[in-house]
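# Working through the structure, step by step
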Amino acid sequence: MNVFDRKDNTKKTAYIITSYIEGEEILSRIPEGRYIICADKGWKYAEKYNFKPDMIIGDFDSSEKPDFENTVILPAEKDITDSEAALDYAVSKGFQRIVIIGGLGGRLDHTMGNISLLAKYCDTPGVEVFIKDYQNLAFMKSAGTFRIANDEEYKYIGLISYGGNINSLTLKGFKYEIENRTLTDDTTLGVSNELVSDYGEITVKAGRLLIVMTRDK
């Protein structure tokens, strides 16, 4: 799944550059003309890679405040992170495909919090949210049947139940296929699967499924 698809409609896709990115060189793959939102220190990455942000949002506890017109300064003490505020802003502007760059690795609480952002709009029609760094691409799906294309960038696919059990999980086109299996939220059963076909088909009867496409370093 190429989240940097240059053929994608620029009016529907927004990129959020976070304050922590492992393998920051992936920023060079963002196509020109995309809508860029920087969360807090993310504006430093944008500056380094010659992106002009469309919006900067943050409390700037990890960097100085930018000298930029389109900046929203948040209070240091608040109920959400700067990344969540940036995501909410992107959704409010009508973006249908939102790619969060970074936010994985480093502090575990931030990583887990960013994973939870995938759940926030998981059931919102017409909105897709991804988290991407140099090694991983994560997204979340609720009940239904969908396909994942085989991507040479990622060898492994991890399937993890989020916020409760997955009822009647069926996998086709995978190395390890299952049918109508319950995937609990206290198991590693879905880790390190692989696609053996051009596409893998996943069916979820109920629950939220965290999908992590990943590779070794």
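Refer to the structure above for everything that follows.
What comes next is a walk through the structure. (Residues numbered from 1 in each chain as written. Predicted model: local features only at pLDDT ≥ 70, side-chain atom pairs only at ≥ 80, totals over all residues. Heavy atoms only, no water.)

Attention shifts here to the layout of surface pockets. Of the volumes computed, that of the largest pocket is approximately 440 Å³. Lining the largest pocket are 21 residues, and of these Ser19, Tyr20, Ser62, Ser83 and His110 sit closest to its centre. At the level of elements, α2 (82–92) and α3 (108–120) are the ones that each hand at least two residues to the lining of the largest pocket. Of the residues belonging to the lining of the largest pocket, the class tally is four nonpolar, eleven polar and six charged. Considered as a void within the structure, the second largest pocket measures approximately 260 Å³ in volume. Listing elements by their share of the lining of the second largest pocket, those giving two or more residues are α3, β7 (136–141), β9 (156–172) and β11 (199–214). In terms of residue count, α3 provides more of the lining of the second largest pocket than any other element does, three residues in total. (1 Å grid on protein atoms, 1.4 Å probe; cavity = no way out; pocket = protein on both sides within 12 Å on 5 of 7 lines; lining within 4 Å. Points joined across faces, edges and corners; volume = space filled by probe spheres on them. Helix = DSSP H or I, 4+ residues; strand = E, 2+ residues; numbered from the N terminus. Nonpolar A, V, L, I, M, F, W, Y, C, P; charged D, E, K, R; others polar.)

Among the nonpolar cores identified, the biggest contains 38 residues, and Ile17, Ile101, Ile202, Leu209 and Ile211 are the most heavily contacted of them. Of all elements in the fold, only β1 (13–17), β2 (35–39), α1 (42–48), β5 (97–101), β7, β8 (144–149), β9 and β11 reach the threshold of two or more residues within this core. Leave out the neighbours within four places in its chain, and Ile202 touches Gly144, Thr145, Phe146, Ile148, Leu159, Leu169, Thr170, Leu171, Phe174, Leu209 and Ile211. Counting residues in hydrophobic clusters, the runner-up holds 30 residues, among them Ala39, Ile57, Leu210 and Val212. (Core = buried A, V, L, I, M, F, W, Y, C linked by side-chain atoms within 4.5 Å. Buried < 20%, exposed > 50% of the residue type's maximum accessible area, 1.4 Å probe, protein only. Contact = heavy atoms within 4.5 Å.)

Bringing the pairing of strand β10 (residues 178–183) into the picture now. Note that β9 and β10 share three bridges and pair antiparallel. Each bridged residue has a counterpart across the sheet, and for Ile166 the counterpart in β10 is Leu183. In this antiparallel pair of consecutive strands, β9 and β10, the connection spans five residues, and Gly173 shows a positive phi of 85°. (Pairing = 2+ DSSP bridges.)

A few words now on the pairing of β2. The element β2 is extensively covered by neighbouring structure, given that four of its five residues are classed as buried. Here β2 runs beside strand β3 (residues 55–58); their pairing, made up of three bridges, is parallel. Following the sheet pairing, Ile37 is matched in β3 by Met55. Of the crossover connections in this fold, the one passing from β2 over α1 to the parallel β3 is right-handed. (Right-handed = clockwise from strand over helix to strand, strands pointing away.)

Nothing here speaks to function; it is geometry throughout.
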